[in-house]
Every structure is written in structure tokens, then in C-alpha cells.
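Here is what each chain is made of, one letter per residue.
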Amino acid sequence: MKRVRFALLHSAVILILASSLAGCSLKYQSDALAEQNVPQLRLENAVYKKYADNKKNIELKSSVFEQYKGINRSYAKDVEFIIFDSAMMPKSTGKTAIISADTKDQIYTLYDGIEFNDTTQNINIKGDSLKWNGNTEQLVSAKGREITIVKDNLKITGKDFSASAVSNTFLFSSSVKGSQINVGKSGGEDEEITFSGDSMRGSVSSSSDSSKESFTVLSGNAIVKTSTMEIRADSIELTGDDFNIIKARGNISGTNTESELEFKAQTLEYDREQKIVTLTGDVELKDLKNDVTAKAQIIEYDQNTDVAIMQIDVELKQKENVCTGAYSVYRKKEQTLDLSGNASVKQKDDMFRAQSISFNMDTEEIVLDGNIRGTVKTKSGN
């Protein structure tokens, strides 16, 4: 996953609000509050510039600046800002309709038309209401309000957002959806991944400790779609570069459009790069093209070879054939099945048992090996 570093929100808000507004506090709120409090300082069409080591690092423009005496609260209207790097080149830009700054409690709130761009990390954030707490280093959105975060080819839109610059974690506690476009390797086609859920939480590696892997977890009606897979589950976790690893838990169902398969399970792990999916817990796999249904406790399916390895309580049904065993290998393209561990094949009224059985589903040819037993019933002619 292209890492969305929410630590940048910390630096952006602190630089813009704590540095700028603490030295030039401003106020803009409701008409009722404005009537009750006369601003100590009011500036119109103001430009604020901050320098360090004789270099400009912040420039902030606003149509109105107001500072109120005795309440430690300030406001600005129609704000645009630029943050510069050490070479005085713009590294971040943004705008918002209103900024509220409580410098005593370090509470800074942005209202309406919020847009923040970090050119160094290629991140864009848009929303209508965001609040930063400088004491707890928490960023939250207003209840029920959406924000959109875009990082490179990743886009996330959700409600009830919160993020911590201390733990480098984030949360959308209400509905969320997103997409990521992964550029094809070695001239291959680009692939788009889409996802949604009732909520979403995640963690991103910090610049001080990049050993901790980033993760994203969708919970409640979680759905992930790739070019070949659709996965639905109670929860789905996305990790690795470009969401290469997908893990799901609880009431899993899905389809593989490339292999024409449907599946159900309790847990799933899918390696998109290797194209291998592992299903566990009351697994059911349906080969729609060949009308084959397989059940087991563990099934590993390789999309590259169209081979399924099944383990524990294996049962496979095809036409009037029922095959069981402790371990089996199903080759979808060849339509063959190798069974072992108290293997059996039932064909209508005929039963075959052996230590291992090879079964050709097209020809219905059976090869038995080891401890062979069976019953064959024949019907007499008229």
C-alpha cells in the first residue's frame, strides 16, 4: 500500500495554526457570539509571513483576521496558506473557509471547503470540518461529515474520520469506500482494486520506525474487488505493497471470475501477486464451468495452474459421483482428481474404496491403489 502518512497532518496543522495563529490569533464564528464579543484586533485582506533563519517557511492569506480578548480564541476567514521547504520552495498548500484557534487548549478547527496538498508525499485531503487537538495530537472530522484522502493512486472517502499522530493510526467509524489503481508490471495491464465497508481502521509506518508494516482493516459488510476476485466478509485486512495480501474473516463468500469459481469459508488469505488463495473453515468451492462442488476444511487454489489442494473431510461431487478422502488434488483443466487417506468414490450404486484413488471426471475412469475394496451392482437385462 502506498503509505498515507497521517503524521503530515500533525506538521501541517501545527505549522499553520500553532505557529501562525498563536502569534496572531483570529476569530470568526456565529453572529450571536460576534455580537457578544468585540474583537481586540481585526485585520482585513491580511498577509502573514513567518521566517526562520532568514528564510520564509509559512505564508498565510485571509480576507479577515480577528482576535478576541480574554477567551484565548481567534478566527480567520477565507484562508489560503503555503508551507515552504529549506530552499523556500512550496512543499504544502491549502485553503479553508474558516479557521478557529483556541491557543490555550490547543484546539484548532477548520470549516468548509478544506483542501490540503502535500507535494512532497503527493497527498490531497478534502473535507468540510476537521478539528486538531494539539495536546492529544488527534485529528477528527465532524459527525457524519465526509472527507476524501488521495495518495498517489489510492483514494479513500469516508465519514467520521479520526487520526492519531502519536500512534500513526486512523479510523473511519462510519461508511467508507475507496479504490487503488496498481500500475501493471513489465508492461502488464493496470489493475484497479475497489473496497468498501461499514468502518475502516488502519496503521501506517512512521518515519522513525518503518519496520512496522502498514495495514488497513474493513469491518462490517466488507467488500474488496480486484480484476479477477470479489470477496465479501465480516472483516477484510489489506496489507503489503499495492494491497498484495488480502485476509478475510467471518462469513466469507466470493467469486473468481478468471477461474469461474464461487467459494465460501470462514477465513481467507489471498496473495494477489502469486495468485494463490487459501480458504479455511467449512470451505465450499464450486467450479461453475464443470458443475463440480468441493467441500473441505482447507482448500488452497492456485490461479496460475488451476489446481486445488484440499485437506481434511474432503468431499467432491460431480454429476452422480461423490468422492471423499482426507487429502485430494483437483486439477480443474484436466478434470482429474487424486484422493488419498481412506479414499472413496461412489458412482450411483457402485462404491470403490482404496488407500489412494485417481479419478478422471470426463471418462469416469477410476484407478485404485492399496487396500482395495468395493461393491458393484449390476442390473440384469430384460
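Analysis parameters
- Residues numbered from 1 in each chain as written.
- Predicted model: local features only at pLDDT ≥ 70, side-chain atom pairs only at ≥ 80, totals over all residues.
- Heavy atoms only, no water.
- pLDDT = per-residue confidence, 0-100.
- Contact = heavy atoms within 4.5 Å.
- Patch = residues over 30% accessible without salt bridge, like charges linked within 9 Å, V, L, I, M, F, W, Y side chains within 5 Å.
- Areas by Shrake-Rupley, 256 points an atom, 1.4 Å probe, with all protein chains shown as cover.
- Salt bridge = Lys/Arg side-chain N within 4 Å of Asp/Glu carboxyl O.
- Lys, Arg positive; Asp, Glu negative; His and termini not counted.
- Charge placed at Lys NZ, Arg CZ, Asp CG, Glu CD.
- Helix = DSSP H or I, 4+ residues; strand = E, 2+ residues; numbered from the N terminus.
- Buried < 20%, exposed > 50% of the residue type's maximum accessible area, 1.4 Å probe, protein only.
- 1 Å grid on protein atoms, 1.4 Å probe; cavity = no way out; pocket = protein on both sides within 12 Å on 5 of 7 lines; lining within 4 Å.
- Points joined across faces, edges and corners; volume = space filled by probe spheres on them.
- Polar contact = N/O pair within 3.5 Å; in protein donor to acceptor, adjacent residues only side chain to side chain.
- Pairing = 2+ DSSP bridges.
- Phe/Tyr/Trp six-rings, centres within 6.5 Å; stacked < 30°, edge-to-face > 60°.
- Nonpolar A, V, L, I, M, F, W, Y, C, P; charged D, E, K, R; others polar.

I'd love a proper account of the confidence of the model for the protein chain, names of residues and values included.
Confidence in the prediction of the protein chain, expressed as mean pLDDT, is 83, and 83% of residues score 70 or more. Confidence drops under pLDDT 50 across residues 1-36; counting only partners more than four residues distant or on other chains, this segment forms 103 contacts.

Tell me about a positive patch on the surface, residues and numbers included.
Together, Lys-95, Lys-126, Lys-155 and Lys-177 give the surface a local cluster of positive charge. Inspection of the secondary structure assignment puts Lys-177 in strand E12 (residues 176-182). A residue is classified by how much of its surface remains accessible, and Lys-177, at 53% relative accessible area, is exposed.

Summarise empty space enclosed by the protein; cite the residues concerned and give the values.
Left-over empty space is what a probe sized like a water molecule reveals as it rolls over the atoms. Considering all chains together, one arrives at 3 cavities of 30 Å³ or more under this definition. For the second largest cavity, the calculated volume is near 40 Å³. Every residue along the wall of the second largest cavity is listed here: Met-229, Asn-256, Leu-261, Phe-263, Val-277, Leu-279, Leu-285 and Tyr-301. At the level of secondary structure, the elements contributing two or more residues to the lining of the second largest cavity comprise strand E18 (261-271) and strand E19 (276-287). Broken down by element, the lining of the second largest cavity gets its largest block of residues, 3 residues, from E19.

Account for the side chain of Arg-272, naming residues and giving values.
Take Arg-272: it is sitting in the loop between E18 and E19. On the basis of relative accessible area, Arg-272 is assigned to the buried category, the value being 10%. Engagement of the side chain of Arg-272 in a polar contact is seen with the backbone oxygen of Phe-243, the distance being 2.9 Å. Residues in contact with Arg-272, not counting those within four places in the same chain, are Asn-182, Glu-191, Ile-193, Thr-226, Asp-242, Phe-243, Asn-244 and Ile-246.

Tell me about the pattern of salt bridges, and please be specific about residues and values.
Taken as a whole, this structure holds 14 salt bridges when the rule is applied. Between Lys-61 and Glu-59 there is a salt bridge, with the nearest N and O atoms lying 3.9 Å from each other. Lys-61 gets classed as partly exposed once you look at its relative accessible area, which sits at 41%.

A description of the pairing of strand E11 (residues 169-172) should follow, citing residues and the corresponding values.
Residues of E11 alternate between two faces, with Phe-170 and Phe-172 buried on one and Thr-169 and Leu-171 left unburied on the opposite face. With 4 bridges connecting them, strand E10 (residues 161-164) and E11 associate as antiparallel partners. Considered in E11, the bridge of Ala-163 is made with Phe-170. What sits between the antiparallel neighbours E10 and E11 is a turn of 4 residues, in which Asn-168 has the positive phi angle 55°. When E11 meets strand E14 (residues 199-203), the two strands line up antiparallel, connected through 4 bridges. By the bridge assignment, Thr-169 is partnered in E14 with Ser-203.

Please give an account of the packing of aromatic side chains that cites residues and values.
Under the defined criterion, the tally for this structure stands at 4 aromatic pairs. For the ring pair Phe-170 and Phe-172, a centre distance of 6.5 Å and an interplane angle of 80° mean the geometry is edge-to-face. Aromatic ring contacts, followed pair by pair, group Phe-161, Phe-170 and Phe-172 into a single cluster.

Kindly report on the layout of surface pockets, identifying the contributing residues and their values.
In this structure, the second largest pocket spans a volume of roughly 180 Å³. Lining the second largest pocket, in full, are Val-217, Ser-235, Ile-236, Glu-237, Lys-247, Ala-248, Arg-249, Thr-267, Leu-268, Glu-269, Thr-278 and Thr-280. Elements represented by at least two residues in the lining of the second largest pocket include exactly strand E16 (229-239), strand E17 (245-256), E18 and E19. For the lining of the second largest pocket, the per-class residue count stands at 4 nonpolar, 4 polar and 4 charged.

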